[in-house]
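Here are the chains, one letter per residue:
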4 protein chains.
Amino acid sequence: MKVSIIGASGYTGVELLRILHNHPNVEILFLSSQTKEDISIDKIYPHLLKVYENKFVSQQKLLDAAEQTDVIFTALPHGHSLAIGKLLQATKTKLIDLGADYRFCDESIYEKWYKLEHTHKNSGAVFGLSELNYEAIKNAKILANPGCYPTASILSLYPLIKADLIDVDTIIIDAASGTTGAGRQLRLSSHFSEVFENFTAYGVTNHRHTPEIEMFLASAFSKNITITFTPHLVPMARGILTTAYAKIKNGVTLQNLNDAYKIYADKYFIRLIGQNSPATKNTRGSNFVDIGWFLDERTNRVVALAALDNLVKGASGQAVQNMNIMFNFPQETGLNFSPVYP
Amino acid sequence: MKVSIIGASGYTGVELLRILHNHPNVEILFLSSQTKEDISIDKIYPHLLKVYENKFVSQQKLLDAAEQTDVIFTALPHGHSLAIGKLLQATKTKLIDLGADYRFCDESIYEKWYKLEHTHKNSGAVFGLSELNYEAIKNAKILANPGCYPTASILSLYPLIKADLIDVDTIIIDAASGTTGAGRQLRLSSHFSEVFENFTAYGVTNHRHTPEIEMFLASAFSKNITITFTPHLVPMARGILTTAYAKIKNGVTLQNLNDAYKIYADKYFIRLIGQNSPATKNTRGSNFVDIGWFLDERTNRVVALAALDNLVKGASGQAVQNMNIMFNFPQETGLNFSPVYP
Amino acid sequence: MKVSIIGASGYTGVELLRILHNHPNVEILFLSSQTKEDISIDKIYPHLLKVYENKFVSQQKLLDAAEQTDVIFTALPHGHSLAIGKLLQATKTKLIDLGADYRFCDESIYEKWYKLEHTHKNSGAVFGLSELNYEAIKNAKILANPGCYPTASILSLYPLIKADLIDVDTIIIDAASGTTGAGRQLRLSSHFSEVFENFTAYGVTNHRHTPEIEMFLASAFSKNITITFTPHLVPMARGILTTAYAKIKNGVTLQNLNDAYKIYADKYFIRLIGQNSPATKNTRGSNFVDIGWFLDERTNRVVALAALDNLVKGASGQAVQNMNIMFNFPQETGLNFSPVYP
Amino acid sequence: MKVSIIGASGYTGVELLRILHNHPNVEILFLSSQTKEDISIDKIYPHLLKVYENKFVSQQKLLDAAEQTDVIFTALPHGHSLAIGKLLQATKTKLIDLGADYRFCDESIYEKWYKLEHTHKNSGAVFGLSELNYEAIKNAKILANPGCYPTASILSLYPLIKADLIDVDTIIIDAASGTTGAGRQLRLSSHFSEVFENFTAYGVTNHRHTPEIEMFLASAFSKNITITFTPHLVPMARGILTTAYAKIKNGVTLQNLNDAYKIYADKYFIRLIGQNSPATKNTRGSNFVDIGWFLDERTNRVVALAALDNLVKGASGQAVQNMNIMFNFPQETGLNFSPVYP
């Protein structure tokens, strides 16, 4: 199958390339980058020398070849994928968007949190949380790949809500991410001397992944869910850990918690580690998400933790997993590699 | 005044030395270390060459000189300071213990969480949270220097409870620390290759700083307080950030929160930064603790954050601050230095 | 083919497993570890959960199955592979030793630098620098996998000596490595708080990789070569950079240097980057070695730099490359993956 | 005495402030920043809250007050201090320039390497290597504070040349620095995700500190000295280590080397550690420079290493040390603090 990537010069674009390099069914057709047209990708990313030496083309050239392309990945700032999605509606080409543009079934939430008009409503886009939305993903034309924090947060909380073990009004998610989540743009908050030996929170009470988590959980369970979400920045490149808290319902036991997570028993990329804390490093470079959980009997709270590599299961890896589902390949195709440790 | 340090070869001992080096009123008398007797400290810590070249003595020799010593600092694993405290009761020498042995007015809590018999009950020890316990500290004979996490946690929550703005049953503290909090012992969990580019939780639901936070808040407000506390390990050497959550009481406004923190207006080492997130790096090497707070109007929760250097305000700096209070020096004496940034 | 690993619980053993997981022709038979018998490897390395869940067996059990094993990798401290090599001489099983035991054709050099008697002389072992010793490797029974520093150092200097462009008496190699080179043992020099934000040299004038570099270059060119070699420790987990200096011979030009490196033109894993500095991160997780070179016209010196991942091309990756050569697979088999960046 | 700083919003400016905060004789008069006029410094650097809350003024306003200012520090990109130096010639105000503008007694070297016309020739500026140029510094009107690499390089090599122990034609300096040496500007080469877990060389054969080292050594010994100098970037914020190599002259012994370094015996900020490698972390935050040296008897070379904090002894600390010398304070005044370890 033929694959093109729009916005291939960012970290998630480059990670897609790393993964697809070992996918047995994929041929890269075109890579586009707004600012790097005609430049060979290994000039921008010397680590790709001898792996990829494609020249970036214009987005127009890439789109002109849509009919020969099975799937286009977009790895763009929010707002830039909507016109592409609209355009592709008339073709048989599928779209996997790694940005936020298609994540909200209720587009007014998008418009409120992203402060942009949504110009492609009722697109029929599917939220691509691979393990929880499998059937819908199979038939998706436009696939909205989830954010990194939402993937970890939702996967760790879903079984508890599904089994009706927690009071959803008490959910608090405290999270932490490495710096690649902020991309390659030059900002003081990504400057080595500033980030090194530093730990801080950001986006407190207003991070845009908050409504994404609420939206999916609410639609899955047909109840309104409002959460408090606080992300932090860790001085490392890759990795996300979410620590979620909620009050358990009366009489809930540790056994109930253990049982609830068994719904993931047959999901290859979810590793259940019980009463242990996951560590981001155990997932680095891989598509695994590790989930651990604890019952705090003193306070009747559950503490549920999830770790993943924000560029893999939190972005490009899950995007390939979704592509596999959409094109009837086994989910693990091209993703069956070990974490890189240490 | 003459000062000795028992357990001077650990990180908090060495940090005491760094600070006391510029204290105008202090002369170091003896340093002891169980395993390094007769070795010059700059052989163990080459960064101290030309700063301190004292030879470690035995604990016995140090204690034999107690009568000529104004204050002894103990920087020891828990359980080891109790016999020293008992011994010093008969002298006029004051004790500042950087460990946990004297932190609990109800020693049964200590015995339960530390799984050790408390052999020096009713010692009259004072909990040394400098800004909140000033009057008691002035007259302390035995001073229990608070833990690093409790210092940050309590200072950020105290004003909210004092002003009756939050429901104390809903307090959750999510915290993160650099590696020096775990000391210089050799453990796999402190091994560079393992900790680097890694973020994980530890001690979930059972960390020993939990009862310390509860105990002080409970005794200050004469009500039972039970919290959920989750520490994480950050791949950096110094720094603690605590992120605390609680439900606000009906009708509480951001202005109420802002007003509550004004009780710290005249406390030099507390820097109030309002609706900003503190960052550990802004406090590194200094005795400052930075506190920020947010009102999450969507969920009626307050998010209160505090950052400090775990070896300074979280340990040795606060110990010197307490020494200053106990000996009638201005609190800032020897501590009036700028953070080391970047 | 069937593969076993002795000493599989160290970092190079685990990296072998990561790589072999995607090798299409390899089946893992046994893993042994002196101290972890009967423990499942994912208990020691949780990142391997669902990837490898083999239990460690005793070295004896592994060796008893030698006849059914095509190749045994040893990843052991020096001195421990000699008895294994002797034992396997009577079998058809091949040995790839990642340690130093078989690297010296003149065993007296080994005995002098490693202060150990060499108990398996004239073993016929082949030095496994894949790109420079291909023909001998093809027929090796015992393969001595090169050290990490020697791989980078030799590959960067060999073309210059081969083309007779430098005065070999003036070679100085200044090198730097991440911490995984020191393994997983607990030592103060691998303690996170000590290594973090630190840069230092070690083994100055007496590092054991010195004679390994000299030995190979000397035997390749039949002249005596004595070098100065200084390694440094970088606060990162993976990666080696070597910076080598030598006086050029009279009249040597940059074009001569450029031409000399063309001998690597058809070597897939060597990436020639001309007058650019290689960066360790560009090779991380991959089997590539990047080589750059400069002519310092002011001093008539060449500066030749090489970067690689010490656990891959510097150890386990080159070991698999050598296995491929020994068993007539294409060299890239199982190694054809992209670096992990960033 | 009254002190003003031009370019106070960069890392060396801020480090000057950290140090001067505890200098008993200094009062800060004005701070200027080209782009931050009227902004309070703690808004740019929140770590300075309660330490400095001065508003930046224009450079003009600062210079208008020159007559009331004892010394002005300039921490500016090269080329920007020359006009200031010229202007101050007519006043009694002294100038300490942390940039490169006044470092070359032969300005044509400056013009060649910095590609700028030198507009203030024959200024009488003194090169401020405190330990080696003490007498000249005492009477300096314009003080050129040395670069970070030159300070370490020169201090480690000077005794060997002075005692005539090495062949100066064979000097090679391999060096490494943390990221603060590159300042606070936003560049991809200072981006956290790019620098983290990375080690690379830069400026190979053409770094601008090369002629600075050559110039001082040549003028001190009245012989032409040409060196090869290669800097590297270490993923850490602070610290420089230089590793210098040279052939020893016939018959030179380790004892000769040891004796040579005794010329520093009474220099407080130079710590001689003999046959040990210095480590940057041992000097962090302090004005110490640690020097170790080795004789490689196999190759008749000396390996001389020096470590320092690039922002302290490599910049602002040495600037204050020079100020002390110029104004007849003891050299240690305000600089007598311990390294921050770990």
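Structure shown above.
All of the points below concern the structure found in this document. Bear in mind that the values here come from a model prediction, so they are computed numbers and not experimental data. (Residues numbered from 1 in each chain as written. Chains lettered and ligands numbered in written order. Predicted model: local features only at pLDDT ≥ 70, side-chain atom pairs only at ≥ 80, totals over all residues. Heavy atoms only, no water.)

### What about the interface of chain D and chain A?
Okay, so step 1: Contacts between chain D and chain A engage 21 residues on the former and 21 residues on the latter.
Okay, so step 2: Surface buried jointly by chain D and chain A totals about 1,800 Å² across both partners, of which 59% is contributed by carbon and sulfur atoms.
Okay, so step 3: When the buried surface of chain D facing chain A is broken down by residue, Leu 186, His 191 and Phe 192 of chain D rank first, second and third, together holding 36% of it.
Okay, so step 4: On the surface where chain D and chain A come into contact, there are four salt bridges.
Okay, so step 5: Glu 194 of chain D serves as the salt-bridge partner of Arg 184 of chain A, at 2.8 Å between the closest nitrogen and oxygen.
Okay, so step 6: Ranked by residue count, the leading element in the side of chain D that touches chain A is helix H8 (residues 192-195) of chain D, at four residues.
Okay, so step 7: When its residues are assigned to classes, the side of chain D that touches chain A shows nine nonpolar, seven polar and five charged. (Contact = heavy atoms within 4.5 Å. Buried area = accessible area lost by both parts, 1.4 Å probe. Salt bridge = Lys/Arg side-chain N within 4 Å of Asp/Glu carboxyl O. Helix = DSSP H or I, 4+ residues; strand = E, 2+ residues; numbered from the N terminus. Nonpolar A, V, L, I, M, F, W, Y, C, P; charged D, E, K, R; others polar.)

### Remarks on the pattern of salt bridges
All names here are of chain B.
Okay, so step 1: Taken as a whole, this structure holds 60 salt bridges over all chains when the rule is applied.
Okay, so step 2: With a closest N to O distance of 3.3 Å, Lys 121 and Glu 111 form a salt bridge. Taken together, the residues Lys 121 in the loop between helix H5 (107-114) and strand S5 (126-127) and Glu 111 in helix H5 connect sequence positions 10 residues apart.
Okay, so step 3: According to the relative accessible area criterion, Glu 111 is partly exposed, its value standing at 24%. (Buried < 20%, exposed > 50% of the residue type's maximum accessible area, 1.4 Å probe, protein only.)

### Some thoughts on unusual backbone geometry
If a residue is not glycine, its phi is most likely negative; likewise, a peptide bond is most likely trans.
Okay, so step 1: Look at the link from Tyr 341 of chain A to Pro 342 of chain A: it is a cis peptide, with omega at 0°.
Okay, so step 2: Examined against the element boundaries, Pro 342 of chain A turns out to sit in the segment after helix H11 (312-326).
Okay, so step 3: The phi torsion at Asn 122 of chain C lies on the positive side, around 50°, for a residue other than glycine.
Okay, so step 4: Mapped onto the elements of the fold, Asn 122 of chain C is located in the loop between helix H5 (107-114) and strand S5 (126-127).
Okay, so step 5: Not every positive phi belongs to a glycine, and Thr 205 of chain C is a case in point at roughly 70°.
Okay, so step 6: Note that Thr 205 of chain C resides in the loop between strand S8 (200-201) and helix H9 (209-221).

### Some details on the pairing of strand S2 (residues 27-32) of chain C
All names here are of chain C.
Okay, so step 1: Looking at chain direction, strand S1 (residues 2-6) and S2 are connected through four bridges and run parallel. Each residue of the ladder has a partner; that of Val 3, found in S2, is Ile 28.
Okay, so step 2: You can see the chain leave S1, run along helix H1 (residues 11-20) and come back into S2, and the turn it takes is right-handed. (Pairing = 2+ DSSP bridges. Right-handed = clockwise from strand over helix to strand, strands pointing away.)

### A look at the interface of chain B and chain A
Okay, so step 1: The partner chain A presents 49 residues to the 49 residues of chain B that form the contact.
Okay, so step 2: Counting each side, the surface lost to burial between chain B and chain A is near 4,000 Å², with a carbon and sulfur contribution of 53%.
Okay, so step 3: On the chain B side of the interface with chain A, the three residues burying the most area are Glu 197, Phe 199 and Arg 298 of chain B, jointly 19% of the side's total.
Okay, so step 4: The tally of links from chain B across to chain A stands at four salt bridges.
Okay, so step 5: The partner of Arg 284 of chain B in a salt bridge is Glu 197 of chain A, with the nearest N and O atoms 2.4 Å apart.

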